[in-house]
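Observations on chain architecture
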Amino acid sequence: KSWEGVAGAAVAVLLYYFVVNRIRPGALPGDGLAGLLFLELMLALSIVGDLFESLVKRAAGVKDSSALLPGHGGVLDRIDALLPVFPIALAPAQYFPNY
């Protein structure tokens, strides 16, 4: 949850995009800049999901969202970045069969 983390994740997504496109062209949705922007959008949504879940916990005055996973902040801390990403990430599957 830092600007350094955001920058590092953006670079990692960029590297991932180029490596996957080099190994298996067409495996990711979109071509060129559109595909890269799509992945960077997924990154941004995952960061927003993480920050939103932290905001909700802070507003509620709790440290963990549940006791199911002790020491991990609860179940929501494990999936908070995935919740906003899954619906949008799965949508292109109908248009990109290799996705």
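Residues numbered from 1 in each chain as written. Predicted model: local features only at pLDDT ≥ 70, side-chain atom pairs only at ≥ 80, totals over all residues. Heavy atoms only, no water.

1. Thoughts on the environment of Ser 46
Looking at the element boundaries, Ser 46 is found in helix α2 (residues 32–60). Overall, the relative accessible area of 18% leaves Ser 46 in the buried class. (Helix = DSSP H or I, 4+ residues; strand = E, 2+ residues; numbered from the N terminus. Buried < 20%, exposed > 50% of the residue type's maximum accessible area, 1.4 Å probe, protein only.)

2. Considerations on the confidence of the model for the protein
When pLDDT is averaged along the protein, the result is 80; 88% of the residues meet or exceed 70. Confidence, expressed as mean pLDDT per element, reaches its minimum in the protein at helix α3 (residues 75–79) with 78 and its maximum at helix α1 (residues 3–23) with 86. (pLDDT = per-residue confidence, 0-100.)

3. Considering a nonpolar patch on the surface
There is a patch of nonpolar side chains on the surface, built from Leu 68, Val 75, Leu 76, Ile 79, Leu 82, Leu 83, Phe 86 and Leu 90 and spanning about 720 Å² of accessible area. Looking at the nonpolar patch, the elements with two or more residues in it are α3 and α4 (86–90). Sort the elements by how many residues they give to the nonpolar patch and α3 lands first, with three residues. Following the sequence through the fold, Leu 76 ends up in helix α3. Among the residues examined, Leu 76 registers a relative accessible area of 38% and is labelled partly exposed. (Patch = residues over 30% accessible without salt bridge, like charges linked within 9 Å, V, L, I, M, F, W, Y side chains within 5 Å. Areas by Shrake-Rupley, 256 points an atom, 1.4 Å probe, with all protein chains shown as cover. Salt bridge = Lys/Arg side-chain N within 4 Å of Asp/Glu carboxyl O.)

4. Quick notes on the packing of α1 against α2
Between α1 and α2, the shortest axis-to-axis distance is 10 Å and the interhelical angle comes to 145°. Of the two possible hands of crossing, α1 and α2 adopt the one that is right-handed. In this structure, α1 uses Val 6, Ala 9, Ala 10, Val 13, Leu 14, Tyr 16 and Tyr 17 to contact α2, whose residues at the interface are Gly 32, Gly 35, Leu 36, Leu 39, Glu 40, Leu 43 and Ile 47. When its residues are assigned to classes, the contact of α1 with α2 shows 11 nonpolar, two polar and one charged. (Axes fitted to C-alpha atoms, helices over the stretch in contact; angles between N-to-C directions. Left-handed = near helix turned anticlockwise from the far one by under 90°. Contact = heavy atoms within 4.5 Å. Nonpolar A, V, L, I, M, F, W, Y, C, P; charged D, E, K, R; others polar.)

5. Observations regarding the environment of Asp 64
Within the secondary structure, Asp 64 is located in the loop between α2 and α3. On a C-alpha basis, the gap between Asp 64 and Asp 77 in space is 8.0 Å, while along the polypeptide they are 13 residues apart.

6. Remarks on α2
With 29 residues, α2 extends 43 Å from end C-alpha to end C-alpha; this agrees with the ideal 42 Å at 1.5 Å per step. Close packing links the buried residues of α2 with α1, α3 and α4. In the segment just after α2, Gly 61 is the residue with positive phi, at about 75°. (Expected span 1.5 Å × (residues − 1).)

7. Quick word on α1
Taking 1.5 Å as the rise per residue, α1 with 21 residues should run 30 Å; its terminal C-alpha atoms sit 30 Å apart, in good agreement. For α1, the set of buried residues is Val 13, Tyr 17 and Val 20. The arc enclosing the buried residues of α1, seen along the axis, measures out at 80°, which places them on a common side. The outward face of α1, more than 90 degrees from its buried face, is lined by the exposed residues Glu 4, Leu 15, Arg 22 and Ile 23. Those residues of α1 that are buried are in contact with α2. (Arc of directions from axis to C-beta.)

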